[in-house]
Protein chains: 2
Amino acid sequence: MGETVKVDASLLDLDGMAFRAALPTGQELVMDAGEDHGGRNLGARPMHLLLAGLAGCTGMDVISFLRKMRQPVKGYRIEVEGERAEDYPKVFTHIRVRHIVTGDVDEERLAKAVELSESRYCSANAMLKAVAEIETTWEVERE
Amino acid sequence: MGETVKVDASLLDLDGMAFRAALPTGQELVMDAGEDHGGRNLGARPMHLLLAGLAGCTGMDVISFLRKMRQPVKGYRIEVEGERAEDYPKVFTHIRVRHIVTGDVDEERLAKAVELSESRYCSANAMLKAVAEIETTWEVERE
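Quick caveat, the model's predicted, so the values are computed rather than measured.

### Focus: the overall build of chain A
Working step 1: The secondary structure content of chain A amounts to 3 helices and 6 strands.
Working step 2: The linear arrangement of helices and strands in chain A, starting from the amino end, is β-β-β-α-β-β-α-α-β.
Working step 3: Principal-axis analysis of the C-alpha atoms gives chain A an extent of 55 × 35 × 35 Å.
Working step 4: When burial is assessed residue by residue, chain A has 52% of its 143 residues classed as buried.
Working step 5: Restricting to contacts in chain A with at least 6 residues of sequence separation, those with at least 24 account for 50%.
Working step 6: Carbon together with sulfur atoms contributes 44% to the accessible area of chain A, which is approximately 6,400 Å² in total.
Working step 7: Across chain A, the mean location of the 18 positive side-chain charges is 6 Å away from that of the 25 negative side-chain charges.

In structure tokens form, the structure reads like this:
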């Protein structure tokens, strides 16, 4: 058995939809619904956290592989776009992940780093792809 | 086709593992690895965001159903505990969700609200349960 982690979330006020989550690493995070759903947009939509988690998970993998490959990364961003089903439970049916690396980085090595994360290391990818079709692309921006 | 949403994440500095995510609703969120993985614990672990998202998603469903049922909720918290696989990609294999409602709330109605969220409405639950076994419990704390 691997690591066990616990997140506690509490309703912030009795009229709203905002919850404060206490993360196992000490940080806090506020989630809220939009005004169209009784919220006040005080924090992240819960489902957006799944996309952010995917971005961070694969991003940390890829930057770590690129460093091991001694690639001169000058910048790195990830765009994650999710398309939800029209009907409840409105899961993400398609997710596009775009890795954009700046610097004089070898394209084959970047492709390899992205592939390693996607196929073997990234926990969030492995979970979300059971439901969503995940399409991953990468590109190098020369300075 | 339902809603499409986009999250952008950028590497914060070229020596670290922290990413800043820009959420579609305007908030920002920092993610980081722990010191054991080259990070500085400046933000949430990406995989913890999946658990927080699940807590917020089901929590907003349940509180909204309880209000429609005119239940006198005086407090509400959710504990989400995830157990990860030992081997890569280290997905969550088991997730326990515990709903704890304070107030003079009817137990059958709470059971119904939780069941509706779990079986039909909660998008995060529907996604994560494709990989993790999700065990949900609820309890009422009388004041």
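From this point on, the discussion continues.
### Here's the deal with the packing of helix α1 (residues 46-68) of chain B against helix α2 (residues 107-121) of chain B
Residue and element names in this part refer to chain B.
Working step 1: The N-to-C vectors of α1 and α2 enclose an angle of 135°; their axes lie 9 Å apart at closest approach. Comparing the axis directions of α1 and α2 gives the class oblique. By crossing handedness, the relation of α1 to α2 is classed as right-handed. Touching Thr 58, Asp 61, Val 62, Phe 65 and Leu 66 of α1 are Arg 109, Leu 110, Ala 113, Val 114, Leu 116, Ser 117 and Tyr 121, all from α2.

### With respect to the interface of chain A and chain B
Working step 1: The partner chain B presents 78 residues to the 78 residues of chain A that form the contact.
Working step 2: Both faces combined, the contact of chain A with chain B buries some 6,500 Å², and carbon together with sulfur accounts for 67% of it.
Working step 3: The largest share of the area that chain A buries against chain B comes from His 48, Met 60 and Met 127 of chain A, three residues that together contribute 11% of it.
Working step 4: One can count 4 salt bridges joining chain A with chain B.
Working step 5: Two residues, Lys 6 of chain B and Glu 79 of chain A, come together in a salt bridge whose shortest N-O distance is 3.6 Å.
Working step 6: There are 25 residue pairs in polar contact (both at pLDDT 80 or more) connecting chain A and chain B.
Working step 7: Looking at the side of chain A that touches chain B, the elements with two or more residues in it are β1 (4-11), β2 (19-22), β3 (28-31), α1 (46-68), β4 (73-84), β5 (92-103), α2 (107-121) and α3 (123-128) of chain A.
Working step 8: No other element matches α1 of chain A, which puts 16 residues into the side of chain A that touches chain B.
Working step 9: Looking at side-chain class alone, the side of chain A that touches chain B contains 44 nonpolar, 16 polar and 18 charged residues.

Conventions used here
Residues numbered from 1 in each chain as written. Chains lettered and ligands numbered in written order. Predicted model: local features only at pLDDT ≥ 70, side-chain atom pairs only at ≥ 80, totals over all residues. Heavy atoms only, no water. Helix = DSSP H or I, 4+ residues; strand = E, 2+ residues; numbered from the N terminus. Buried < 20%, exposed > 50% of the residue type's maximum accessible area, 1.4 Å probe, protein only. Contact = heavy atoms within 4.5 Å. Areas by Shrake-Rupley, 256 points an atom, 1.4 Å probe, with all protein chains shown as cover. Lys, Arg positive; Asp, Glu negative; His and termini not counted. Charge placed at Lys NZ, Arg CZ, Asp CG, Glu CD. Axes fitted to C-alpha atoms, helices over the stretch in contact; angles between N-to-C directions. Parallel < 35°, antiparallel > 145°, perpendicular 65-115°, else oblique. Left-handed = near helix turned anticlockwise from the far one by under 90°. Buried area = accessible area lost by both parts, 1.4 Å probe. Salt bridge = Lys/Arg side-chain N within 4 Å of Asp/Glu carboxyl O. Polar contact = N/O pair within 3.5 Å; in protein donor to acceptor, adjacent residues only side chain to side chain. Nonpolar A, V, L, I, M, F, W, Y, C, P; charged D, E, K, R; others polar.

In short, the description is geometric, and any link to function would need to be established separately.
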